[in-house]
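Observations on the three-dimensional arrangement
Below, each chain spelled out in residue letters.
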Amino acid sequence: MSSRTVLESQQSAIAPTAGRVLAGSWKLDAGRAITLNPRERSVLEISQGRVWLAVGARPGQADQGTQDMVLVRGQSLVIEPGQQVVMESWYLRGGAPSAVAFCWDSVPATRLAADPALDWELGVAQPLRDLVCALGQGGRAVGSAVAATLGASGRLLSGLVRFALHRPARARACLRGIWPPPVFGRFVD
């Protein structure tokens with residue numbers, strides 16, 4: 001067993017996470033800010049530390065300005081598509097600045113409320129768009145393969161015609177007494 005493993009196993013529960021990012025989390029250094037612009041419904045969960053958030057209104061809603069809040073370890077917030085969230089690591093006055101670890105994932109389908117428009121989008125419209133895209137890509141691949149096959153067939157036919165015409169030309173040259181027979185249109189000495 002390495003000495004590092006022994007030392008970590010003997011330290012307190014807080015010491016191993018100090019200054020590190022928890023597995024599966026993103027790190028936001030002390031005094032830094034980040035802007036999140038989700039394309040789909042997401043959950044922001046704080047794994048370590050404390051953050052200050054400024055959350056903008058969702059598109060289509062009356063502009064109510066931004067909402068400020070503080071989240072600490074273990075708290076989470078659902079963020080709708082189109083909302084803008086500015087997040088900054090936050091610490092109490094007189095406290096030491098520390099890094100923050102957070103998870104930002106899309107909301108699992110089981111947590112979404114029953115919404116007919118969303119059901120249509122996820123169950124019909126999006127798969128249809130994916131199918132059309134896949135068929136387009138397949139059509140382009142088949143077209144490319146057909147064009148390559150036709151090109152190769154044309155080259156093969158051209159080669160066969162040249163070969164077929166070249167043989168009788170050599171035979172006629174030999175019969176006329178031209179020796180050596182022409183090679184590619186030239187006479188060889």
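Here is a short report on the structure shown in this document.

1. What to know about the sheet that holds strand 2 (residues 33–36)
Read across the open sheet, the four strands follow the order 2-7-4-5; overall the sheet is antiparallel. Each edge of the open sheet carries a strand with a single partner, namely strand 2 and strand 5 (66–72). On average, each strand axis in the sheet is inclined to that of its neighbour by 20°, with strand direction left out of account. Where strand 4 (residues 50–56) and strand 5 come together, seven bridges link them in antiparallel fashion.

2. So, the sheet that holds strand 6 (residues 76–79)
Taken in spatial order, the four strands of this open sheet run 1-8-3-6, and their pairing is antiparallel. Of all the strands in the sheet, the pair left with one neighbour each is strand 1 (26–28) and strand 6. Averaged over neighbouring strand pairs, the angle between their axes works out to 30° when direction is ignored. One ladder, built from three bridges, connects strand 1 with strand 8 (residues 100–106); its direction is antiparallel. The partner of Lys27 across the bridge, within strand 8, is Ala101.

3. Let's talk about the environment of Glu40
Looking at where Glu40 falls in the secondary structure, it is placed in the loop between strand 2 and strand 3 (42–48). Take Glu40: its relative accessible area is 45%, and that puts it in the partly exposed class. Linking Glu40 and Ile79, residues 39 residues apart in sequence, is a C-alpha distance of 8.4 Å. Not counting residues up to four positions away in its chain, the partners in contact with Glu40 are Ile79, Pro81 and Ser106. Here Ser106 takes part through its side chain, which lies 3.4 Å from a polar atom of the side chain of Glu40.

4. Examining the environment of Val78
With respect to the helices and strands, the residue Val78 is situated in strand 6. Put simply, Val78 and Glu45 are 33 residues apart on the chain and 8.8 Å apart in space, counted from C-alpha to C-alpha. Once you skip the residues sitting within four places of it in the chain, Val78 turns out to touch Arg41, Ser42, Val43, Gln83 and Val107.

5. Re a nonpolar patch on the surface
Residues Leu128, Leu131, Val132 and Leu135 make up a contiguous nonpolar surface patch of roughly 400 Å² in combined accessible area. As for its position among the elements, Leu128 is in helix 2 (residues 116–175).

Rules used throughout
- Residues numbered from 1 in each chain as written.
- Predicted model: local features only at pLDDT ≥ 70, side-chain atom pairs only at ≥ 80, totals over all residues.
- Heavy atoms only, no water.
- Pairing = 2+ DSSP bridges.
- Helix = DSSP H or I, 4+ residues; strand = E, 2+ residues; numbered from the N terminus.
- Axes fitted to C-alpha atoms, helices over the stretch in contact; angles between N-to-C directions.
- Buried < 20%, exposed > 50% of the residue type's maximum accessible area, 1.4 Å probe, protein only.
- Contact = heavy atoms within 4.5 Å.
- Polar contact = N/O pair within 3.5 Å; in protein donor to acceptor, adjacent residues only side chain to side chain.
- Patch = residues over 30% accessible without salt bridge, like charges linked within 9 Å, V, L, I, M, F, W, Y side chains within 5 Å.
- Areas by Shrake-Rupley, 256 points an atom, 1.4 Å probe, with all protein chains shown as cover.
- Salt bridge = Lys/Arg side-chain N within 4 Å of Asp/Glu carboxyl O.

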